[in-house]
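# An overview of the molecular structure
So you can see what is in the structure, the chains are spelled out below.
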Amino acid sequence: MKKFLDKSTVLKMKECLTVKGQAFINGNFVDAASGKTYDNLSPRDGQLINQVAATDTVDVDRAVTAARGVFEAGSWRNMAPKDRKKVMLRFADLYEKHADELALLETIDMGKPITDSRNIDVNVVLETLQWYAECPDKIYDEIAPTGQGTLAMITREPIGVVGAVVPWNFPMLMAAWKLGPALASGNSVILKPAEQSPLTALRMAELATEAGIPDGVLNVLPGFGPTAGKSIGMHMDIDCVAFTGSGTVGKLFMQYSGQSNMKNVWLECGGKGPNVVLADADVRKAAERAATGICFNQGEVCCAPSRLVVEEKIKDEFLEIVLETMRSVRTGDPLDPQTTMGAIVDAEQLARVRSYISKGQEEGAKLLLGGDTPETNLDGYYVNPAIFDAVTNEMSIGREEIFGPVLSVITVRSEEEAIKVANDTPFGLGANIWTRDLSRAHRVSRALRAGTVWVNNHDQSDITVPFGGFKQSGNGRDKSLHALDKYTELKTTWIEL
Ligand code: NAD
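Reading the values: rules and limits
- Residues numbered from 1 in each chain as written.
- Predicted model: local features only at pLDDT ≥ 70, side-chain atom pairs only at ≥ 80, totals over all residues.
- Heavy atoms only, no water.
- Near = heavy atom within 4 Å.
- Polar contact = N/O pair within 3.5 Å; in protein donor to acceptor, adjacent residues only side chain to side chain.
- Areas by Shrake-Rupley, 256 points an atom, 1.4 Å probe, with all protein chains shown as cover.
- 1 Å grid on protein atoms, 1.4 Å probe; cavity = no way out; pocket = protein on both sides within 12 Å on 5 of 7 lines; lining within 4 Å.
- Sits in = over half its atoms within 2 Å of the grid points.
- Helix = DSSP H or I, 4+ residues; strand = E, 2+ residues; numbered from the N terminus.
- Nonpolar A, V, L, I, M, F, W, Y, C, P; charged D, E, K, R; others polar.
- Domains from an automatic or database assignment.
- Pairing = 2+ DSSP bridges.
- Points joined across faces, edges and corners; volume = space filled by probe spheres on them.
- Axes fitted to C-alpha atoms, helices over the stretch in contact; angles between N-to-C directions.
- Contact = heavy atoms within 4.5 Å.
- Buried < 20%, exposed > 50% of the residue type's maximum accessible area, 1.4 Å probe, protein only.
- Core = buried A, V, L, I, M, F, W, Y, C linked by side-chain atoms within 4.5 Å.
- Arc of directions from axis to C-beta.

## Digging into the site of the ligand
Taken together, 30 residues lie around the ligand, and Glu-195, Ser-246, Tyr-256, Cys-269 and Glu-401 are the ones closest in. Side-chain polar atom of Trp-168 to an oxygen atom of the ligand: 3.0 Å apart, as the coordinates give it. Within the side chain of Ser-246, one N or O atom sits 2.6 Å away from an oxygen atom of the ligand. Against a free-state accessible area of 850 Å², the protein chains account for coverage of 90% of the ligand. A molecule is said to occupy a pocket when more than half its atoms come within 2 Å of that pocket's grid points, and by this definition the ligand occupies the largest pocket. Secondary structure elements with two or more residues in the shell around the ligand: α8 (225-234), β10 (240-244) and α9 (247-259). Here the residues of the shell around the ligand sort into 18 nonpolar, 7 polar and 5 charged. When residues of the shell around the ligand are sorted by domain, at least three fall in each of domain 1 (7-269 + 474-496) and domain 2 (274-462).

Structure representation (structure tokens):
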């Protein structure tokens, strides 16, 4: 695996990149039917990367026609499972071959450090593609225990045309979490990347086609939410939408479904992760992870540990280590391999983060560090990580998802109070508990209302486990075999013998 060792090499590689901006429909790059494009700016320096197709209803219709056509023709869904596996593995191989290029595209498009794109995102996407590629010829259907005289089969069938609408924070990964299970189970997909980060989705579709995935099976429609996104949600011939993004837009997709064809809507939405640190925790480890956890991906992480719920007895000692770790974070040019925190995705998101930093101060929380602008010599969107003490769950920085590197510290006096505070949120995506007491770890993790509970770690995972939320963090699950449920229908065939 190639490592990005120094900035000058990375900059040279960037100069050699080819970027695509047209939509990808039925195996070809095409302009939006309207001819409209928009400026795709890099958060690194605010400069134009390329013009990207602003697709709309007509393009969604074109893509659905292609997707439905190939689904009905059966060249993908009826392909022998072992052959579908081979094509998917070829796709994964091609993805791996272009790992450096994809990492670079991701970084210039959405601002995360190149070291993370290359060593984390690309590897996790590869694991996802390889894992789901292996599924088609390993999953068996069922025979129901009906007794003599009857054969009742329970089989899974692909649902049909899937609309996948994804955000900008992990563009490739969120796409892969949908594409892996949707394609492995034989569906056609219309993927809409976020308007801020279309580049890797377009390149992945090109590689999928090169791998032998038939034309029309994977279509990519860049464009805006209220136009391209809404048209997907409202389409009468899309069978399911798998969405990752904000709760506000997630709720819109439920409405679109009710106003159109009752398509299934699967939602992976926001979070306000409680990071519960009890007095008997390994203080250094927990404090370091609290700091690096909120800075990872510029805090633009749905399961970021953004509420630090810490027991009073250890708080002072704990915060000292959090501050020390945060001071060592290197915010700056995402193309510099030494950078540990890159650029915020766009000017609007940067303004949102800054407005929460001001609100925190207005509402009486105490800013201990950061929130200012780092020196970069670049005209991009940067902010140093911020930490607030004396936060309560009632303050907006304690309640609302900021989606930036802002840590809110809430002090508690007992395990019971910690659980109460942790669960007092409309979200339920990720939560953490730090304690050395095994029974306590079990007790607290059962009490926490979240789709994932990390005990004495943060964000450890792999593709074998499901990921998704309780409450307003969503429904259904990405990852693991459970994700296949979203993209398949169950059929009962009852045969009288
Ligand atoms: P967003 O909801 O603004 O956008 C997500 C997608 O929806 C984009 O493709 C966008 O173009 C589209 N969209 C926007 N408005 C739309 C509309 N009116 N109709 C149809 N589609 C529309 O979210 P974002 O700002 O891109 O991403 C941040 C959010 O994503 C955060 O809330 C974060 O927590 C969430 N997220 C969740 C997970 C998870 O797995 N639960 C993972 C990553 C991000």
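## Brief notes about the sheet that holds strand β6 (residues 150-158)
Spatially, the 3 strands line up as an open sheet ordered β5-β6-β19, and their pairing is antiparallel. Edge strands, defined here as strands with exactly one partner in the open sheet, are β5 (142-143) and β19 (488-496). Sheet analysis places β6 next to β19, joined by 9 bridges and oriented antiparallel. Opposite Arg-156, over in β19, you have Leu-490 as the bridge partner.

## With respect to empty space enclosed by the protein
For the coordinates displayed, the defined rule picks out 3 cavities of 30 Å³ or more. Each pocket or cavity is described by its volume, and for the largest cavity that value is around 80 Å³. Taken together, 13 residues form the lining of the largest cavity, with Ala-304, Ser-306, Glu-401, Ile-402 and Phe-403 sitting closest to its centre. Taken together, the residues that form the lining of the largest cavity break down as 7 nonpolar, 4 polar and 2 charged. When its volume is computed, the second largest cavity comes out at roughly 60 Å³. Along the wall of the second largest cavity there are 15 residues; nearest its centre are Pro-274, Thr-425, Phe-427, Gly-428 and Gly-430. For the lining of the second largest cavity, the elements supplying multiple residues, two or more each, are α14 (415-423) and β17 (430-434). The residue inventory of the lining of the second largest cavity, partitioned by class, reads 6 nonpolar, 6 polar and 3 charged.

## Side note on the layout of surface pockets
As a volume, the largest pocket reaches approximately 1,200 Å³. Along the walls of the largest pocket sit 46 residues, with Phe-243, Gly-245, Ser-246, Gly-247 and Val-249 positioned nearest its centre. Where the lining of the largest pocket is concerned, the elements lending two or more residues are α8, β10, α9, β11 (264-268) and α12 (347-362). Considering each element in turn, the lining of the largest pocket owes the most residues, 9 residues, to α9.

## So, the sheet that holds strand β15 (residues 386-389)
Paired through backbone hydrogen bonds, the strands of a sheet run either parallel or antiparallel to each other. Within the open sheet, the 7 strands sit side by side as β14-β15-β16-β13-β12-β17-β18. Their pairing is mixed. A strand with exactly one partner marks an edge of an open sheet, and here the two such strands are β14 (366-369) and β18 (452-455). Between one strand and the next, the sheet's axes are offset by a mean angle of 25 degrees, whatever the strand orientation. For β17 and β18, the ladder comprises 4 bridges, and the chain directions are parallel. Looking at β18, one finds that Ile-433 is bridged to Val-455. Taken strand by strand, helix α15 (residues 438-447) contacts β13 (307-311), β17 and β18, and its axis lies near 160 degrees from that of β18.

## Here's the deal with unusual backbone geometry
Located in the positive-phi region is Asn-377, a residue other than glycine, with phi close to 60 degrees. Backbone geometry at Ser-480 places phi at a positive 65 degrees, although glycine is not the residue there. Looking at the element boundaries, Ser-480 is found in the loop between β18 and β19. You can call Ser-480 buried: its relative accessible area is 1%.

## Examining the nonpolar core
Residues Leu-191 and Phe-318 are the most contacted members of the largest nonpolar core, which totals 97 residues. Per element, the largest residue contribution to this core is 10 residues, and it comes from helix α6 (residues 171-184). Taken domain by domain, this core gets at least three of its residues from each of domain 1 (7-269 + 474-496) and domain 2 (274-462). Every residue in contact with Phe-318, bar those within four places of it in the chain, is listed here: Val-277, Val-283, Ala-286, Ala-287, Ala-290, Leu-308 and Val-310. Ile-433, Val-444, Leu-448 and Ala-450 belong to the second largest nonpolar core, which has 29 residues in total.

## A word on the environment of Glu-400
Topologically, Glu-400 is positioned in the loop between α13 (396-399) and β16 (406-412). Glu-400 gets classed as partly exposed once you look at its relative accessible area, which sits at 35%. Spatially, the C-alpha atoms of Glu-400 and Val-310 are 19 Å apart, while their sequence positions differ by 90 residues. For Glu-400, the contacting residues outside a window of four places in its chain are Lys-272, Tyr-356 and Lys-359.

## As for α14
Along α14, the residues classified as buried are Glu-415, Ala-418, Ile-419, Val-421 and Ala-422. All buried residues of α14 project into a common sector of 165 degrees when viewed along the axis, lining one side. Along α14, exposed side chains directed more than 90 degrees from the buried face belong to Glu-416 and Lys-420. Looking at the buried positions of α14, the neighbouring elements they touch are β12 (274-277), β13, β16 and α15.

On their own, these measurements won't tell you what the molecule is for.
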